[in-house]
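# Close look at the chain arrangement
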Amino acid sequence: MTKVYGTGTYDFKRHHVAEYPVDDIAAAQPITLNKKLPDSIPISNAPNSITLSEIQRDHLTKIAAANWLKTGGGGSSSGVDEPYHEKPAFDPELVKDIYHTELSVKGGRKPVPLQRVMILEVSQYLENYLWPNFDPETASFEHVMSMILMVNEKFRENVAAWICFYDRKDVFKAFLESVLRLKEQDRCLSIYEKTNYLVFMINAFQSLEDEIVSGTVLKLASLQGWHSLSYGRFQMELCLNPELIKKWKRMTKRDAKEAKKQGEGTFDPAKMLEVKFLRNLVLEFLEVLDSKVFPANDMEDDAACVLYCERFMEFLIDLLSQLPTRRYLRPLVADVAVVAKCHLSALYTHEKGKLFSQLVDLLQFYETFEISDHEGTQLADDEVLQSHYERFQSFQLLAFKKIPKLREMALTNIGAIHKRAELSKKLSALSPEQLKDLVCFKLKLVSKDDSWSERTDFLIEVMVSFFQKQQSQKEAINALPLYPNEQVMWDESLVPSINYSGEGCLALPKLNLQFLTLHDYLLRNFNLFRLESTYEIREDIQEAVPHLLAYINNEGETAFRGWSRMAVPIKEFKIIEVKQPNIGEVKPAAVTAEIAFSISSYRAHIRSEWDALKEHDVLFLLCICPSFEPLSLEEAAKATVPQRLGLQYVRGCEIVEIRDEDGTLMNDSTGRIKRDEWKPPKGELRTVTVALDTAQYHMDVTDIAEKGTEDVYGGFNILMRRKPKENNFKAILESIRDLMNETCIVPDWLHNIFLGYGNPSAALWTKMPNLLETVDFKDTFLDADHLREGFPDFQVSFVNTDGTENLHPEPPFRIKLPKTLKSMAHALPSDRPDVTSRNDAGAAVREELIVEAYNPPDPGPYPQDKPKQNSVRFTPTQIGAIISGIQPGLTMVVGPPGTGKTDTAVQILNVLYHNCPSQRTLIITHSNQALNDLFEKIMQRDVPARYLLRLGQGEQELATDLDFSRQGRVNAMLVRRLELLSEVERLARSLQLPEDVGYTCETAGYFWLLHVYSRWEQFLFDCADNKGKPTFVRDRFPFKEFFTNAPQPIFKGESFAADMHAARGCFRHLKTMFQELEECRAFELLKSTVDRSNYLMTKQAKIVAMTCTHAALKRKDFLQVGFKYDNLLMEESAQILEIETFIPMLLQRQEDGYARLKRCILIGDHHQLPPVVKNMAFQKYSHMDQSLFTRFVRLGIPYIELNAQGRARPSIAKLYNWRYRELGDLPYVKEEGIFHRANSGFSYDYQLVDVPDFHGRGETAPSPWFYQNEGEAEYIVSVYIYMRLLGYPANKISILTTYNGQKLLIRDVVSRRCVPYDFIGPPSKITTVDKFQGQQNDFILLSLVRTRFVGHLRDVRRLVVAMSRARLGVYVFCRRSLFEQCYELQPTFQLLLQRPVHLALVLSENTPFTYRHVDDTGPVYLVSGIEEMGNIVNTRMHQVYEARMMRHQFGTYQELDSAAMETSMEQSPENIKRVTDETVIERSVFQNGAGEVPHVSESEEVADMEIQLPCQSNSKEMGSDDSFEDGASAMED
């Protein structure tokens, strides 16, 4: 039966990789580099300029090669393996020497010499040397620290960090113990070593899903740590949590017994590592913060100490934001008063401490988070407020009794004194001694032994932090503007630049495995989504503003010399209305403004873009005031981006309406202007009414009133728009904010799992109530053998409906699911129950599975009545996924490439519709293309089209004649109503009744009851007494006249049973007809289009499909119309952001406090690429690219992994199937002839082609992260031309690359070398691997670009996508010496390198077809390089031109083709290839050409038509994105 997997060593590996700058070359100590940089690399990119040859010459690389680097393994051009040299024995002194000379830092901010660490990590220093030779008894300090640095580097690059440790788990546990006890040694760690140690601990606590890590590190945040609390704090915590008293006593008793057993005598908890570790870390941090950040009262900061302090804040935030570590750590943080001490530190208020102060505020937020730590439940606002008042009242009572100076405060209203300023003022009346007595002895908030307890300001800070009223999460998020302003946009600690290297930390929340509450989840996602949008907006502003060429004119005002497509100068701006605040709020209810601008300077197509603006579109108001004198180069280098742009303010707004010069409303969507009254806009002046952000407006006005700041709204002079597809952030942020303000109810069965707690298998269908005991599988099984294959662990027995044995079963089948199937559904492969038993003879007996084979009722006499049938032969694993999907609960299906994820999803929907016809299902996908693929397949199943609805913008791309949009479905229902009413009239005529019964759906309903159904009942009554008459049904059937237009005679009069079966089919046709009319009745009664479409969406449609973006944008609309659904199916769920997966679960209001959602089916592949996050910092630091699907896999939630692919040749599938469990091949790819034949003209079906430097250059970077490789581009295009000349169709070939820069370069080369020639043309796609995910083609040419460092292909998921796109052939062009050493990619590259690394061609083949077997290499010709491939292509081009010249001289091409065909017909198949090369090549090219293109003039000389050799290349370094896309739309991404 189906295997269901949970998290294990194989399921989740950290493998999201990004591109980061290499450390400054000058900082690398022993490395010697050439002074001269490659010409193509700008100076600004110099730190990245280390080349592969320089790495190979570096002495670290030589040490690696001599001691641990594994080389060899075939793949030479000759195919002979290189010799393997024996490595010397492990030398501990070498480890010490490398650590002290290469890995130690003597000064500066950075804790490691990044370049040296990268070289060692790439050389597999950890995997091949440090770890295999690690002995916990003898390992030196340098050995352990070196391993720490290597693990940290893997985390920085986001590749699998712990995977190499799985071979010796016990030793790894000892290694972690060695790490924890590292600080117990006498050696004093430098600040850099402390930082690296801290980063390792951060990484370890981020890996709690990994059992080899979590078992050790979680002990550090256990109840044992409370031994280190001060006595007062300890008593307070036990009083607040009395349930822990018993647990504490049991724990201390157990520890004492353990100590006695080990002969330690008296139990001393202070000696336990778990007790002292975290407290010692905190005290060490406070010492650094207090005395080393600004040593000896010198205000010159130590940058390394600042970084350490920032990292420590990150460490504490991580621990407090996860419930397992928060429970017992928060009292320790409060006991030491970390937040108060940070607030009072010099760093907190220093300009260098901006990031530190933001991190302290984030730590304070999590310390006071609204949650019950030990119960794990969220506290409501009322509970938090009540707790605050009770605490303050207790303090007032104490003050009244014991502290005379505070009696006045004790009698004061709490609301008057619970704010920071008032509370501080009241407490300052106490003397230092009284204050210490209050804090340390009476309230016991801080230990009396704390050195800070002598400071009055510290004691007041502790009191204020404890008793002040905290702002609630709802208040905080409601007061936050949805649009970013200029302060947030250019704050590098919040919105870092793209060149974030991963070496420091940021003031950002992280998306981890677990969340404290749903509010915590929403708040983190809200902040990250808002900041990611801010980054994109910032990039758009930086792109648009420079084109305006702002300057100060003679009047001293800002003017603009240039123009920008996306930004226009404002003629007039004025605020026209500010509404009074709503009750209980301080911000205005609404702020409306009017903006006038002119589009006179634009051309027609850009004018139309501005005129296309509509209601709810988001615009940005900019205030630009450039400096009077242009900035000098030195000033510009020091200036911030806003200073360089002259940008002072940025505010967002939303369009309410837009009018033309005559004041006529444009683009009205409210219905105020009817369609027939619409007129094109007049004039060039446009006036747009906008709604400003009320929270931002309130903040601005308050600043003007209280601080006397400049009026922000008086200087706006630019209006900027953005591309519509990128400008939907506000609606999504509003949806998240609305969710935070609602009682957000996730289904009970999903709640704990969603937050990351509890039993991972708790939401499986086997644990759910209201299961479907018997399932009608309809057309899932093609025959009885298919059903037996689907349940291999059971003995299948077929019975009839009456329970008798069925010897010749035919589908459809109904199955009563046995209990053993339920117990197997969540078992791991190692602990699956045995469903076999033993008989007396000892033979295995499988459990019986009873299957009912039933005869489906006759659907009706017409062809359209026949149900559509499934033709897919589902595998046992797919059947297991279908069974799980149709049952209540959470179903997760991992679908490797080509395993039929979409077919499985469609069949789940089909079976679900037929078994639960009253339930409604919502389909969500990431892309419109995937949604359309899914929808088109649903239409081929037995689900009526009237129950299908497709929402969103991609509906027009559906490859179907039917319109499945809301309007299209409404129109279809109205048309269908007329068709059905005419049929009713025809039925009335056949019964000789008046035809007016078909006037409306209502009259038709009465007609059904009075005349149709009554006649049928009378007919059944008469039949009961005449079953022996074979002609009775034919003679007495009451509707025989109506069915006279059936294509075949219905009643034969030979058998009563057969005719009765047909009669029931006819009646079923009538019943369906009147049922459809009843469904049309609402469309008859509702008159407006809006009402009809809303009814269709909320009542009529059973399956509603949309993208995740559409769901987030329209959530408010769905709630307003009362949208309801029972089941949720998500395709591509591993590509959808966490929050965009969560919102579709809550598109409906709760019913009586309970969630209606019954099923959640997530289908995706976490081994392929994750959601796209443009900013590297959000992706790398905050893990924003983590999908809910991937997080669930990490949590160990059981999933079903499809295990048979039907896309690629089995040999090609081996390049990526190592990444999956037991991924095999469908019989189709093993048996079909096309997969057995070789690729004509090529010796191999896949090959790695080693591309050396071209013109002395490998990779280049015209601008940072814009990588190109001209040699690979020329080589790959030459191979493409070679394939086209052989006759391969252009639409069967795609060119992929791993970088946008290379994509544009290849497009330029194709534009120059292919597009001018009608018989070559562009390929199907030229795009990046990331963009091509979810697509496939027969042949893939792949360029890996990099020659210095592997780059982001180290992300194994990107490799899986790249290797799994091809069906018949994949050819990889790269630098062999770089990629063969990459540890993460070895399984694939070891296979690739078993074949020659020079392109192997079969030059004797001249057609796209060959009978050669795929394992037969044929006569191999190894291409030496780029130039030779160009010569081969040129030779073949000459043959084509010679054939054309012959055609021009001796007759038309058709005559030549006919003669060639006759010649080939006369020969045997073996001799077909002997037809002249010229004729065959030309025929194959033109028969598989790129379409009708004006062909080259025949009068031109052949020499003039010769294709340009690669060595004559003049392609640009940076390609033009639209170089030929207008002529080749297929090449668009």
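The structure presented is a predicted model; accordingly, all values stated were derived computationally and were not measured.

Conventions and cut-offs
Each chain carries its own residue numbering, running from 1 in the direction its sequence is written. Owing to the predicted nature of the model, reporting of local features is limited to residues with pLDDT of at least 70; listing and counting of side-chain atom pairs is limited to 80 or more, with chain, interface and lining totals taken over all residues. In computing side-chain values, all of the structure's heavy atoms are included and hydrogens and water are not. Here a strand is any run of E in DSSP of at least two residues, a helix any run of H or I of at least four, and the numbering for each starts at the N terminus. The buried label applies to any residue whose accessible area, calculated with a 1.4 Å probe on protein chains only, is under 20% of its type's maximum; exposed applies above 50%, and partly exposed to all values in between. Contacts are residue-level and defined by heavy atoms, with any inter-residue pair within 4.5 Å sufficient. Computed with the Shrake-Rupley method and a 1.4 Å probe, the accessible areas treat only the protein chains shown as cover for residues. Pairs of N or O atoms within 3.5 Å make up the polar contacts considered here, provided that, within protein, one atom can donate a hydrogen while the other can accept it, and that residues adjacent in sequence are counted only when both atoms are side-chain atoms. For Phe, Tyr and Trp, where Trp contributes only its six-membered ring, two rings pair if their centres lie within 6.5 Å, and the inter-plane angle classes them as stacked under 30 degrees, edge-to-face over 60, or tilted in between. Note on geometry: a ring has a charge over it if NZ (lysine) or CZ (arginine) is within 6 Å of the ring centre and within 35 degrees of the ring normal. pLDDT is a residue-level measure of predictor confidence that goes from 0 to 100. Whether two strands pair comes down to DSSP finding at least two bridges between them. Only one rule defines a salt bridge in this text: a Lys or Arg side-chain nitrogen within 4 Å of an Asp or Glu carboxyl oxygen.

## Some remarks on the overall build of the protein chain
Across its full length, the protein chain carries 57 helices and 33 strands. Going through the 1533 residues of the protein chain one by one, you find that 57% of them count as buried. Sequence-distant contacts in the protein chain: of pairs separated by 6 or more residues, those separated by 24 or more amount to 78%. Here the protein chain displays about 64,900 Å² of accessible surface, and carbon together with sulfur accounts for 50% of that area.

## Focus: the side chain of Asn1337
By the secondary structure assignment, Asn1337 is in strand E30 (residues 1337-1343). Side-chain polar atoms of Asn1337 contact the backbone oxygen of Asn1291, separated by 3.2 Å. The contacts of Asn1337, once residues within four sequence positions are left out, are Asn1291, Lys1292, Ile1293, Ser1294, Ser1324, Phe1332, Arg1365, Ala1366 and Arg1367.

## Overview of unusual backbone geometry
Across residues other than glycine, the phi torsion is negative in most instances, and most of the peptide bonds are trans. Here the amide bond leading from Pro811 into Pro812 is cis, since omega sits at 10 degrees, within 30 degrees of zero. Even without being a glycine, Asn770 presents a positive backbone phi close to 60 degrees. With respect to the secondary-structure elements, Asn770 resides in the loop between helix H32 (748-755) and strand E13 (774-776). One non-glycine residue with positive phi stands out, namely Glu1132, at about 55 degrees. Counting through the fold element by element, Glu1132 comes out in the loop between strand E22 (1127-1130) and helix H45 (1138-1142). A relative accessible area of 14% places Glu1132 in the buried class.

## A closer look at the packing of aromatic side chains
Across all of its chains, the model carries 78 aromatic pairs by this definition. Here Phe781 and Phe791 contribute two aromatic rings whose centre-to-centre distance is 6.2 Å and whose plane-to-plane angle is 45 degrees, an arrangement assigned as tilted. Of the two residues, Phe781 sits in the loop between E13 and helix H33 (784-790) while Phe791 sits in the loop between H33 and strand E14 (794-799), which places them 10 residues apart along the sequence. What makes Phe781 buried here is its relative accessible area of 1%. Considering the side-chain rings of Phe1242 and Tyr1371, the 4.6 Å spacing of their centres and the 25 degrees angle between planes classify their relative orientation as stacked. Here Phe1242, found in the loop between helix H49 (1227-1231) and strand E27 (1246-1250), pairs with Tyr1371, found in strand E31 (residues 1366-1374); they are 129 residues apart in sequence, far enough to count as distant. In terms of burial, Phe1242 and Tyr1371 fall into one category: buried. Seen from the ring of Trp131, Arg168 lies directly overhead, with NZ or CZ sitting 4.4 Å from the centre.

## Here we look at the confidence of the model for the protein chain
Averaged over every residue, the pLDDT of the protein chain is 85; the share at 70 or more is 86%. In the predicted structure, residues 7-49 sits below a pLDDT of 50 and forms 138 contacts with residues beyond four places in sequence or in another chain. In the model, residues 72-82 has pLDDT below 50 throughout and makes 21 contacts with residues more than four positions away in sequence or in other chains.

## Some words on the pairing of strand E11 (residues 685-692)
Relative to E11, strand E7 (residues 591-598) runs antiparallel, the two being bridged by eight bridges. Its bridge partner lying in E11, Thr592 is registered against Ala691. Sheet topology note: the strand E9 (residues 647-659)/E11 ladder contains six bridges and is antiparallel. Within E11, the position partnered with Glu657 by the bridge is Thr689.

## Details of the pattern of salt bridges
Considering all chains together, one arrives at 83 salt bridges under this definition. The shortest N-O distance in the salt bridge between Arg187 and Glu142 comes to 3.1 Å. Residue Arg187 is located in the loop between helix H7 (169-180) and helix H8 (191-205), and its partner Glu142 is located in helix H6 (residues 141-156); the two are separated by 45 residues in the primary sequence. Residue classification places Arg187 among the partly exposed residues on the basis of a relative accessible area of 33%.

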